[in-house]
Amino acid sequence: MTTLLEVKDLQTHFKTENGVIPSVDGVSFSIKKGETIAVVGESGCGKSVTSLSIMGLIGATGSIEAGSILFEGKDLTKLSKKEMRKLRGNEIAMIFQEPLTSLNPLFTVGNQISESIRLHQGASKQEAKIKSIDMLRRVGIPRPEKVYSSHPHLLSGGMRQRVMIAMALSCNPKLLIADEPTTALDVTIQAQILELMKGLTRDFDTSIMLITHDLGVVAEMVDTVIVMYAGQVVEHTDVFTLFSSPKHPYTKGLLDSTPKIHERNEELLTIEGTVPTPAAMPKGCRFQPRCPYAMEKCMHEAPLLEETSAGHKVRCWLNEEGEVAI
Ligand code: SF4
Ligand code: MG
């Protein structure tokens, strides 16, 4: 598979009243054509900032301080606002957690989908309408003609998310970034939406970058997983290896706090403590205050992300020492 997106040593900072905050601190990964990757971690770990950096949407207070984002070999950090606008929605599309905030309540669903098709593909009004209704049908919306002329607030949360997916995929993007796309939905609808995304991206050969705090969502859906903690990647491997032999204590903590589908009565553990704010970053390993395996060395020296076996990268001294403690 050829590489679609390559993020190299990305550093995204934000200016705040309390100084400059490095929200993303040296993140690297790549996505191949047709591949689905997940970026996992609690909120505040830099997942969304990573995706907004790719989309060129970090806003006026944010800036990409270093690194590159190569999309089909083109460095997105070097593009003008105008060039980025052209790319967004067309080659890279994004869906968010709460579709109501991304859909305009004043316009009908049809109006919004066909507008995006006309804008990006130069289709006529009639062509855009036909394509919109077809997309609504493909995302499993019953009576798509009726939904086409409805306003978003009349639809259920699940239906709105289907509309967002229809809108995102209507321009045949090469990459779909989905930031917590199912978090606001109930479990049955979540499963349907994920299944739908998986099927559609297969049909359209779209790569997916799925951002989630929920490892349960990841298992069925993705090829590769990147676990982020406090602005850095702490583990990076294929999904099977992540579930069968996680190597970072944070990943292990996330797995222990994820309900398994068939074990309803199991006791779920939680990771004690909270993600540190960049202003109060612990010395040494950033996970050290919450880590049950922390050693003396972890308090003073920050571990690097190292490849421990082919394609499996981990940022933890335990693996450096050759110990298999978890
Ligand atoms: Fe825990 Fe130390 Fe590994 Fe950090 S480096 S995750 S503190 S064992
Ligand atoms: Mg987020």
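On a predicted model such as this, the values are computed, not experimentally measured, just so you know.

Description of the overall build of the protein chain
Across its full length, the protein chain carries 13 helices and 12 strands. Taking 20 Å as the expected radius of gyration for a compact globule of 326 residues, we find that the protein chain reaches 21 Å, a close match to that expectation. For the protein chain, the spread of C-alpha atoms along the three principal axes comes to 65 × 50 × 40 Å. Burial statistics for the protein chain: of 326 residues in total, 40% are counted as buried. Counting contacts in the protein chain only where the partners sit at least 6 residues apart, residues at least 24 apart contribute 64% of the total.

A short note on helix H1 (residues 47-55)
Since the α-helix packs 3.6 residues into each turn, any two residues three or four apart lie on the same face. Of all 9 residues making up H1, 7 are buried, and the element is well covered by its neighbours. Within H1, the full set of buried residues consists of Lys47, Ser48, Val49, Thr50, Ser51, Ser53 and Ile54. Positioned one or two residues after H1, Gly56 has a phi angle of 70°, which is positive.

As for the sheet that holds strand E11 (residues 306-309)
Strand order in the open sheet formed by 8 strands is E6-E7-E8-E3-E9-E10-E12-E11, with mixed pairing between adjacent strands. Across the chains shown, the open sheet's two edge strands, defined by having one partner strand only, are strand E6 (92-95) and E11. This sheet shows a mean twist of 20° between the axes of neighbouring strands, independent of strand direction. Sheet topology note: the strand E7 (residues 175-179)/strand E8 (residues 207-212) ladder contains 5 bridges and is parallel. Among the inter-strand pairings, Leu175 is bridged to a residue of E8, identified as Ser207.

Here's the deal with the environment of Ile54
Checked against the element boundaries, Ile54 lands in helix H1. Classification of Ile54 by C-beta neighbours within 10 Å gives buried; the count is 23. When the C-alpha atoms of Ile54 and Phe71 are compared, they prove to be 9.0 Å apart, with 17 residues separating the residues in sequence. Aside from chain neighbours lying at most four places away, what touches Ile54 is Ile69, Leu76, Ile92 and Ile177.

Focus: the environment of Ser28
Among the structural elements, Ser28 can be located in strand E2 (residues 19-32). Between the C-alpha atom of Ser28 and that of Leu10, which follows or precedes it by 18 residues, the distance is 6.5 Å. With residues near it in sequence (within four places) discarded, Ser28 still touches Val7, Lys8 and Asp9.

Comments concerning the confidence of the model for the protein chain
One rule of thumb: low pLDDT means the predicted coordinates there are not for detailed reading. Within the protein chain, residue pLDDT values average 89, and 94% of them lie at 70 or more. In the predicted complex, the global pTM is 0.90; the interface-specific ipTM is 0.95.

So, the domain arrangement of the protein chain
By domain assignment, the protein chain separates into domain 1 (3-91 + 173-320) and domain 2 (103-169). Here domain 1 and domain 2 have C-alpha centroids that lie 30 Å from each other. On the side of domain 2, 11 residues touch domain 1, which itself brings 14 residues to the contact. Sort the elements by how many residues they give to the side of domain 1 that touches domain 2 and helix H8 (residues 187-204) lands first, with 6 residues.

Quick look at the packing of helix H4 (residues 109-121) against helix H5 (residues 125-138)
Describing two packed helices takes the angle between their axes plus the distance from one axis to the other. Where H4 contacts H5, the axes come no closer than 9 Å and their chain directions differ by 120°. You can see that H4 and H5 cross each other, and the crossing is right-handed. Contacts between H4 and H5 pair Gly110, Ile113, Ser114, Ile117 and Arg118 from the former with Ala128, Lys129, Lys131, Ser132 and Met135 from the latter.

Some words on the sheet that holds strand E5 (residues 74-75)
Strand order across the open sheet formed by 4 strands is E2-E1-E4-E5, with antiparallel pairing between neighbours. A single partner strand is all that each edge strand has here, and the edge strands are E2 and E5. In this sheet, E2 lies alongside strand E1 (residues 3-16) in antiparallel orientation, the contact comprising 11 bridges. When the sheet's bridge partners are listed, Thr12 is paired in E2 with Val24.

Concerning the nonpolar core
Counting 79 residues, the largest nonpolar core has Val40, Ile165, Ala166, Ala168 and Met209 as the members making the most contacts within it. Here the element with the most residues in this core is helix H7 (residues 157-169); it accounts for 8 residues. Per-domain counts for this core show at least three residues from each of domain 1 (3-91 + 173-320) and domain 2 (103-169). In this structure, Val40 is in contact with Thr212, His213, Leu215, Val218, Val225, Ile226, Val227 and Leu254, ignoring residues within four places of it in sequence.

A short note on the packing of H4 against H7
Two elements in contact, H4 and H7, have axes separated by 9 Å at closest approach and are oriented at 20°. Overall, the two elements H4 and H7 adopt an arrangement that is roughly parallel. Two packed elements cross with a definite hand, and for H4 against H7 that hand is right-handed. Two secondary-structure elements touch here, H4 through Val109, Gln112, Ile113 and Ser116 and H7 through Val163, Ala166 and Met167. In the contact of H4 with H7, the residues fall into 5 nonpolar, 2 polar and no charged.

Reading guide: rules and limits
Residues numbered from 1 in each chain as written. Chains lettered and ligands numbered in written order. Predicted model: local features only at pLDDT ≥ 70, side-chain atom pairs only at ≥ 80, totals over all residues. Helix = DSSP H or I, 4+ residues; strand = E, 2+ residues; numbered from the N terminus. Rg over C-alpha atoms; globule rule 2.2 N^0.38 Å. Buried ≥ 20, exposed ≤ 12 C-beta atoms within 10 Å, placed from the backbone. Contact = placed C-beta atoms within 7 Å. Pairing = 2+ DSSP bridges. Axes fitted to C-alpha atoms, helices over the stretch in contact; angles between N-to-C directions. pLDDT = per-residue confidence, 0-100. Domains from an automatic or database assignment. Left-handed = near helix turned anticlockwise from the far one by under 90°. Core = buried A, V, L, I, M, F, W, Y, C linked by C-beta atoms within 7 Å. Parallel < 35°, antiparallel > 145°, perpendicular 65-115°, else oblique. Nonpolar A, V, L, I, M, F, W, Y, C, P; charged D, E, K, R; others polar.

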